[in-house]
Amino acid sequence: MGADQTKRSLNQYDKDIADLEKKMADYTKKEADINRKMNDAQKKIQRTSSSSMQTSKLRQISSLQNDLVRVTKDKADVSKKIADTRTKRNGTYMKLQKEELLEQKEADKKQRKVQ
């Protein structure tokens, strides 16, 4: 039963990695959206002569930069979690291989005994 439990753990790690990779994709999309908004605001600043509009857009850019820093930090955190989970998964996979080898040896031993 040891190998079965290890297989379940391996499957859970695979699911966790897939979930984290989806989260990473979501953060990447947010990052791209923020960059697009910042570029749009920069273009509006260049096109307008109104100082109040320029000030407003500069404030918007500042806020977006703060959002970008937060999203970048979140991406880094998720990236670390993915790496940690992959390391655990690899260790579990090695454990599974050892357990399956032991089970195979025991089955071979029983087979020889029967013969």
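Residues numbered from 1 in each chain as written. Predicted model: local features only at pLDDT ≥ 70, side-chain atom pairs only at ≥ 80, totals over all residues. Heavy atoms only, no water.

**Section: the overall build of the protein**
Move 1: For the protein, the helix and strand inventory stands at two helices and zero strands.
Move 2: A compact globule built from 115 residues should have a C-alpha radius of gyration of about 13 Å, whereas the protein, at 26 Å, is more than 25% larger.
Move 3: In terms of overall dimensions, the protein has C-alpha extents of about 95 × 15 × 15 Å along its principal axes.
Move 4: Counting all 115 residues of the protein, 22% fall into the buried class.
Move 5: Working note: accessible area of the protein is about 8,800 Å², and carbon and sulfur atoms make up 51% of it.
Move 6: Side chains of the protein carry 29 positive and 18 negative charges; the gap between the two charge centres is 4 Å. (Helix = DSSP H or I, 4+ residues; strand = E, 2+ residues; numbered from the N terminus. Rg over C-alpha atoms; globule rule 2.2 N^0.38 Å. Buried < 20%, exposed > 50% of the residue type's maximum accessible area, 1.4 Å probe, protein only. Areas by Shrake-Rupley, 256 points an atom, 1.4 Å probe, with all protein chains shown as cover. Lys, Arg positive; Asp, Glu negative; His and termini not counted. Charge placed at Lys NZ, Arg CZ, Asp CG, Glu CD.)

**Digging into helix α1 (residues 2-47)**
Count 3.6 residues to each turn of an α-helix, and residues three or four apart come out pointing the same way.
Move 1: Spanning 46 residues, α1 covers 68 Å between terminal C-alpha atoms, matching the ideal 68 Å at 1.5 Å per step.
Move 2: Buried within α1 are the following residues: Ala-3, Thr-6, Leu-10, Ile-17, Leu-20, Met-24, Tyr-27, Glu-31, Ile-34, Met-38, Ala-41 and Ile-45.
Move 3: Buried residues in α1 make contact with α2 (51-114). (Expected span 1.5 Å × (residues − 1). Contact = heavy atoms within 4.5 Å.)

**Some details on the pattern of salt bridges**
Move 1: Counted under the stated rule, the structure contains eleven salt bridges.
Move 2: Among the salt bridges present, the one from Lys-7 reaches Glu-100, with a minimum N-O distance of 3.7 Å. Residue Lys-7 is located in helix α1, and its partner Glu-100 is located in helix α2; the two are separated by 93 residues in the primary sequence.
Move 3: For Glu-100, a relative accessible area of 35% gives the class partly exposed. (Salt bridge = Lys/Arg side-chain N within 4 Å of Asp/Glu carboxyl O.)

**Digging into the environment of Ala-107**
Move 1: Along the polypeptide, Ala-107 turns up in helix α2.
Move 2: Using a relative accessible area of 39% as the deciding quantity, one classes Ala-107 as partly exposed.
Move 3: Along the primary structure Ala-107 and Gln-5 are separated by 102 residues, whereas in three dimensions their C-alpha atoms are 19 Å apart.

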